[in-house]
Structure formats: structure tokens, C-alpha cells
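Chain by chain, the residues run as shown.
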Amino acid sequence: MELPPQAIELSRKIAGKSCVGGVIGLGYVGLPLVQHLCEAGYRVLGFDIDPAKTGRINRGESYIKHIDSGWIGTAVKNGAFSATTAFERLAEADCISICVPTPLDEHMEPDLQYVRATAESIAKTLRPGQLVLLESTTYPGTTTEILLPLFESTGLKAGQDFFLAFSPEREDPANPDFSISKIPKVLGGVTPACTELAAQYYATIFKRIVRVSSPAVAELSKLLENIFRSVNIALVNELKLLCDRMGLDVWEVIDAAATKPFGFMPFYPGPGLGGHCIPIDPFYLSWKAREYGAPTRFIELAGQINTMMPEYVVRRVMEALNDHAKPLKGARVLILGAAYKKDVDDMRESPSLKLMELLLEHGADVAYNDPHIPQLPRTRKYQFEMSSTPLTAETLRRADCVLVATNHSAYDYEFIVRHAPLVVDTRNATRLVTEDRAKIVKA
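Residues numbered from 1 in each chain as written. Predicted model: local features only at pLDDT ≥ 70, side-chain atom pairs only at ≥ 80, totals over all residues. Heavy atoms only, no water.

Quick look at the sheet that holds strand β12 (residues 423–425)
Here comes step 1: An order of β10-β9-β11-β12-β13 is seen for the five strands of this open sheet, with the pairing classed as parallel. Unpaired on one side and paired on the other, β10 (365–369) and β13 (440–442) mark the two borders of the sheet. Direction aside, neighbouring strands of the sheet carry axes that sit 25° apart on average.
Here comes step 2: The pairing of strand β11 (residues 401–404) with β12 spans three bridges and is parallel. Residue pairing in the sheet places leucine 403 in a bridge with valine 424 of β12.
Here comes step 3: Set on the sheet, helix α13 (residues 351–361) makes contact with β9 (332–336), β10 and β11; between it and β9 the angle comes to about 175°. (Pairing = 2+ DSSP bridges. Helix = DSSP H or I, 4+ residues; strand = E, 2+ residues; numbered from the N terminus. Axes fitted to C-alpha atoms, helices over the stretch in contact; angles between N-to-C directions. Contact = heavy atoms within 4.5 Å.)

Okay, here's the thing in C-alpha cells:
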């Protein structure tokens, strides 16, 4: 492929590790990406609108459990990494990765305010020879319909002066088997030169690059990954409701089915979906599909089933308390786990927050324990003023109901069941407990 002059120059910078990386959004996706870029030999500028985050980074402190403060301190000290809220410094970066949130609004429709604001900031300083990579999960068409025209309105041309691609993040926090460098990296540029440069840049930190024909293919591939999980989780969540009616153990049913060595992949039910991807991404595609007059009933149904699971759990708590002659109103409910999944400090879209809201609305006295989240931070939806309650025998005895929402490895379930008067388990976390099983209600 014959590259234009600006592409040739940027290619030389990438090959010589003299280009400056820029990462916008220093959260659970952006900060690990910065770490891998620095370890590959690049100097990286991190951008975030939160001065508390940039301040902590520049002091050598981490605010994400699986990112070591020692690494940040060393990278900042030797000049490999610095963080800023000054977006006019985007002109200093040669390769810019966008890792900002893409939530849903109150109508369950895509909220791209962070992507748009970021793109506008980039456009103000966009110069020849820059590569921009959007990593934020979004609907197919975002890169070419929003970013491309905004950037070309500066008079620069994509594929000639600047370069633009979409490459979805595939971060799995706290998974020791799959750091981001081990996960194949899908990417699609708006022109062949864009794809080539994006592939060259990310090949220095990802072991395998998967090129696709367009940004839209890359955008949709990410949605498909998470919709696949959403639909299958909805299936087992619905099966859980049926098993509850039939007096069967859904986890035993799934484990039995999983013994088949082909044609079956086990998924497990829970109190609802958490994380930034699975609860949100299906709605991005169903919204975009309406533009084409194509209903996505299957995808929307899965989203509805998963969204209503916290209400089912609260109903099971209410029934369990009733069996102990206690109303939910005024009952002391201790929730175990505020994080959205096991052994992480990530609360994004955690079903535990919805459980807290519903229990409080029913008049319960709610407390929580999470060894990874000492205090509940404010989120876009929730502003709880709570700190983690110490998990002692006395705390367990005082609770009318202990609700297992996240099955952290740190929890001693034998100890919990021994001292709690009632345990409602949404994760099958107590499956190995042998004594006092009459106290356990699965939900």
C-alpha cells in the first residue's frame, strides 16, 4: 500500500517509538491502556475532566485496584506518563485513543455527550499527522457519522492529513488470564491508510491485530460480543424464575447441562447485570436498528428480563423475611458486595445499587459490606451516603437478612451462614456450605 506523506511520517514515529500517545478518559479502560503504552516505550499524555484523577496520577497514586501505584509513580517520575485536564494539549499527542463513557439517557437511548465533547476538543487542535482511535462502545456509524465530519470540517482530510479508526476496548478488569495485551484487537479505519497506521500503533502492545473492512464492522462486532452474553444471561435468568416456581435448583440444572462436551456453553443467573457493557450495549443497537426500520425484539426482550432481575430478588427477600414472620419495612438488610462482579472495585451499573434503591423504597434499613469498596462513590444515578460495614459475627447476627449480591473470594460463607439468621443468595455462593442450610434462600 502506498501511504500519503503524513502517514509515512507517522509510521516512522511509531516504528521508532518517538510518537506521543494520548489517552482521553483515565478510567477502567483508559488507565490500563496507558500502562501498556508506557511499557511499550511510548511517552503518554493522559486526559480527564476530573482534576481529582489527574491530581492523584501526578502524585503517583492509583485509584483502580488492579493498577499498581508503584508503576504510576515510576512512570510519572521518569516522564513517561503525565495527566492533565488541559485538553488544548491534545496537539502534543500523535496518536489519540478515546476511552470515554457511553451511557444511556433516562429514556434508555444512547447518550454520546462525552464522545461528542471529546471529539470537539480534538477538532480544536487537530493537526496533520495525527491518528485518532475511538474505543468507546457505541452503535455502528458513530465514527463516520459524528467524528469524521467534525474532524474534516477543520479542512483536513481523513486518510491524507489525519487518520481515524474505531477499535473497541475489550478490557476484563481483574482477569489474570487476559490482560489487554493478550486479547485480540479488532480495528477498522475509515480508509486503508487509517487502518494501516492504527494496526501498526496497536501492534506494539497487542499480540494480535484483527483488521476489518470499516469502523462500522468493528463497532457492531463489539455490540455482538456483549449482546451474545446479554441474551444468554437473560435465558438463564428466565430459567431461574421458572425453576423457582417448579422447586428446582437452576444452578444444578446448568451444571448438569454443562457436562455436555459440545454445543453448550454455561451461563449463570444473578441479581441483574453490571459493568459498563452488557447492561447498556444491547440498547445501543436496538436504538440504531429503528433507523433502518428493523425491530430487534429478541435483543430488547433480553434487556427487559435482565433489567427486572433486581425486582425479583427484592421479592424473594420479602418472601424469605415473611417466612421468618418479619416484614421488609424496618428490616435490617445487609448486602454483601457493591461491585458489579467478583473481586473488583468497579461499581459501574452494579445491580447492588438498584437493590439498595428498591430495598430503601420498601422501608428496609440497608447496609452493605464490600472489601474492595470502602465507601460508595456518587454515580450518575445514585448518591448513597454509605460506608462498608465491618463483616463481624455481631454485624451478621444483628441483620434480619444478609443478601449475597456479589460473590467476592474474600467472603467466608461458612462464617456468614453460621452467624446470620437468614441468607438470600443470588450467586449460588453458599453452595459448599454444609451446615445451617435451612437459613439459605436462593434468589
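A word on the pairing of β9
Here comes step 1: Summarising burial for β9: four of the five residues are buried, a large majority.
Here comes step 2: The pairing of β9 with β10 spans five bridges and is parallel. Bridge pairing links leucine 334 to alanine 367 in β10.
Here comes step 3: Crossover β9 to β10 through α13 is right-handed.
Here comes step 4: For β9 and β11, the ladder comprises four bridges, and the chain directions are parallel. Paired with valine 333 across the strands is cysteine 401, a residue of β11. (Buried < 20%, exposed > 50% of the residue type's maximum accessible area, 1.4 Å probe, protein only. Right-handed = clockwise from strand over helix to strand, strands pointing away.)

Description of a nonpolar patch on the surface
Here comes step 1: A cluster of nonpolar residues, Leu239, Leu242, Met246, Leu248 and Val253, forms a patch on the protein surface that exposes about 420 Å² of accessible area.
Here comes step 2: In terms of residue count, helix α8 (residues 215–246) provides more of the nonpolar patch than any other element does, three residues in total.
Here comes step 3: Relative to the helices and strands, leucine 239 resides in helix α8.
Here comes step 4: What makes leucine 239 partly exposed here is its relative accessible area of 31%. (Patch = residues over 30% accessible without salt bridge, like charges linked within 9 Å, V, L, I, M, F, W, Y side chains within 5 Å. Areas by Shrake-Rupley, 256 points an atom, 1.4 Å probe, with all protein chains shown as cover. Salt bridge = Lys/Arg side-chain N within 4 Å of Asp/Glu carboxyl O.)

Details of the pattern of salt bridges
Here comes step 1: Inspection of every chain in the model, using the stated rule, returns 22 salt bridges.
Here comes step 2: With its nearest N and O atoms 3.2 Å apart, the salt bridge here joins aspartate 94 to lysine 13. Here the residue aspartate 94 occupies a position in the loop between β3 (81–84) and β4 (95–98), and lysine 13 occupies one in helix α1 (residues 5–15), the gap between them amounting to 81 residues.
Here comes step 3: Taking the relative accessible area as the measure of exposure, lysine 13 reaches 26% and is therefore partly exposed.
Here comes step 4: Of the charged contacts, one joins lysine 381 and glutamate 349 as a salt bridge, the two residues approaching to 3.4 Å between their closest N and O atoms. With lysine 381 in the loop between β10 and α14 (393–398) and glutamate 349 in the loop between β9 and α13, the pair connects residues that are 32 residues apart, well separated along the chain.

Regarding the nonpolar core
Here comes step 1: Leu33, Phe81 and Tyr201 are the most contacted members of the largest nonpolar core, which has 44 residues in total.
Here comes step 2: The biggest single contributor to this core is helix α7 (residues 192–202), with seven residues.
Here comes step 3: Those residues in contact with tyrosine 201 that sit more than four places away from it in its chain are Ile14, Cys19, Gly21, Leu37, Tyr42, Cys95, Ser97, Leu131 and Leu133.
Here comes step 4: Core analysis: the next-biggest nonpolar cluster, separate from the first, contains 41 residues, Ala119, Leu147, Ile227 and Phe283 among them. (Core = buried A, V, L, I, M, F, W, Y, C linked by side-chain atoms within 4.5 Å.)

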